[in-house]
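Summary of structural features
Here is what each chain is made of, one letter per residue.
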Amino acid sequence: MDIRQTLLSEHSKAVTHRVVQYVGADPDKMAGLMALFFAGEYRVTQRAAWAVGEIGAQSPALIAPYLETMIDHLNTPVHDAVKRNTVRIFRDLPVLPESLLGKLTTSCFNLLTDPKEPIAVKVFCIRILARVCEQEPGLWDELQLVLEDGLPHSSVAYRSAAMDVLKKRKI
């Protein structure tokens, strides 16, 4: 399968599923998909992000070699789908890699405080940062300030995630 051509054929769950099935557990095929995710043209990158997100949820070990590059990629101008699927992967990882906590924390705080970022990205970042704070309790105060600052002009999804994290903090 030519992953790029398949992704360009249409933007659908069926195409995403075909790509995910094709990649399976094959690291070489995963490398091909990740090359499109990181360096494909705008539309291909957007569509690859969906497949990468699905693979990240199903096979954390297959995505593990790309985690640091994915964090770095968050700090570049990329499609919102790339950001959303990247932070969703980190939100769902069974264990956040300790060696990446600093970079991940900085990227998540940057995304969370950027007024231009989509709500889904912010909500995933809230969940990630709450997990980071469990490992690094010294960050709770900073997270609390950022969340409380965002509450007055936030969406229902942001408010729900923020209040959930803030309630858990007070326990």
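All values derive from a computational prediction rather than experimental measurement.

Turning next to the overall build of the protein. Counting its regular elements, the protein contains eleven helices and zero strands. Helices and strands in the protein line up, N terminus first, as α-α-α-α-α-α-α-α-α-α-α. Radius of gyration (C-alpha) of the protein: 17 Å, near the 16 Å computed for a compact globule of 171 residues. Taken over the C-alpha atoms alone, the protein extends approximately 50 × 30 × 25 Å along its principal axes. Relative to its full complement of 171 residues, the protein shows a buried share of 47%. Sequence separation of at least 24 residues holds for 63% of the intrachain contacts in the protein that already meet a minimum separation of 6. Once the 20 positive and 20 negative side-chain charges of the protein are each reduced to a mean point, those two points are 7 Å apart.

Two quantities define a packed helix pair, namely the angle between the axes and the distance from one axis to the other. In the contact formed by helix α2 (residues 13–23) and helix α3 (residues 27–39), the axes pass within 8 Å of each other and the chain directions differ by 140°. Comparing their axes, α3 and α2 come out oblique. Taken together, the residues of α3 that come into contact with α2 (itself represented by Val19, Tyr22 and Val23) are Lys29, Met30 and Leu33. Across the contact of α2 with α3, the residue classes tally to five nonpolar, no polar and one charged.

A separate point is helix α6 (residues 67–74). Three or more residues of α6 are buried, namely Leu67, Met70, Ile71, His73 and Leu74. The buried residues of α6 all sit within an arc of 160° when viewed along its axis, so they share a single face.

The subject of this paragraph is the environment of Pro97. Its location among the elements puts Pro97 in the loop between α7 (80–92) and α8 (101–113). You can call Pro97 partly exposed: its relative accessible area is 24%. Sequence separation of Pro97 and Leu67 is 30 residues, and the distance between their C-alpha atoms is 8.9 Å.

The next thing to look at is the pattern of salt bridges. Pairs can form between side chains of opposite charge whenever their charged atoms are close. One pass over the structure, following the stated rule, counts nine salt bridges. Among the ionic contacts, a cluster of salt bridges with common partners joins Glu68, Asp72 and Lys103.

It is worth spelling out the packing of α2 against helix α4 (residues 42–58) at this point. Where α2 contacts α4, the axes come no closer than 9 Å and their chain directions differ by 55°. With respect to each other, α2 and α4 are oriented oblique. Note on packing geometry: the crossing formed by α2 with α4 is right-handed. Between α2 and α4, the contacting residues are Lys13, Thr16, Val19, Val20 and Val23 on the first element and Trp50, Ala51, Glu54, Ile55 and Gln58 on the second. Across the contact of α2 with α4, the residue classes break down as six nonpolar, two polar and two charged.

Right, let's get into the packing of aromatic side chains. All told, the structure shown has one aromatic pair when counted by the stated rule. Judged by centre distance (5.2 Å) and plane angle (70°), the rings of Phe37 and Phe38 are edge-to-face. The positively charged end of Lys29 is found above the aromatic ring belonging to Tyr22, 4.3 Å away from the centroid.

Once that is clear, we can look at the nonpolar core. Among the nonpolar cores identified, the biggest contains 58 residues, and Met30, Leu33, Met70, Phe90, Leu112, Leu143 and Leu147 are the most heavily contacted of them. Broken down by element, the residue count for this core peaks at ten residues, all from helix α9 (residues 119–135). In this structure Leu112 touches Lys122, Cys125, Ile126, Leu129, Leu143, Val146, Leu147 and Tyr158, once residues within four positions along its chain are discounted.

Conventions and cut-offs
- Residues numbered from 1 in each chain as written.
- Predicted model: local features only at pLDDT ≥ 70, side-chain atom pairs only at ≥ 80, totals over all residues.
- Heavy atoms only, no water.
- Helix = DSSP H or I, 4+ residues; strand = E, 2+ residues; numbered from the N terminus.
- Rg over C-alpha atoms; globule rule 2.2 N^0.38 Å.
- Buried < 20%, exposed > 50% of the residue type's maximum accessible area, 1.4 Å probe, protein only.
- Contact = heavy atoms within 4.5 Å.
- Lys, Arg positive; Asp, Glu negative; His and termini not counted.
- Charge placed at Lys NZ, Arg CZ, Asp CG, Glu CD.
- Axes fitted to C-alpha atoms, helices over the stretch in contact; angles between N-to-C directions.
- Parallel < 35°, antiparallel > 145°, perpendicular 65-115°, else oblique.
- Nonpolar A, V, L, I, M, F, W, Y, C, P; charged D, E, K, R; others polar.
- Arc of directions from axis to C-beta.
- Salt bridge = Lys/Arg side-chain N within 4 Å of Asp/Glu carboxyl O.
- Left-handed = near helix turned anticlockwise from the far one by under 90°.
- Phe/Tyr/Trp six-rings, centres within 6.5 Å; stacked < 30°, edge-to-face > 60°.
- Lys NZ or Arg CZ within 6 Å of the ring centre and 35° of its normal.
- Core = buried A, V, L, I, M, F, W, Y, C linked by side-chain atoms within 4.5 Å.

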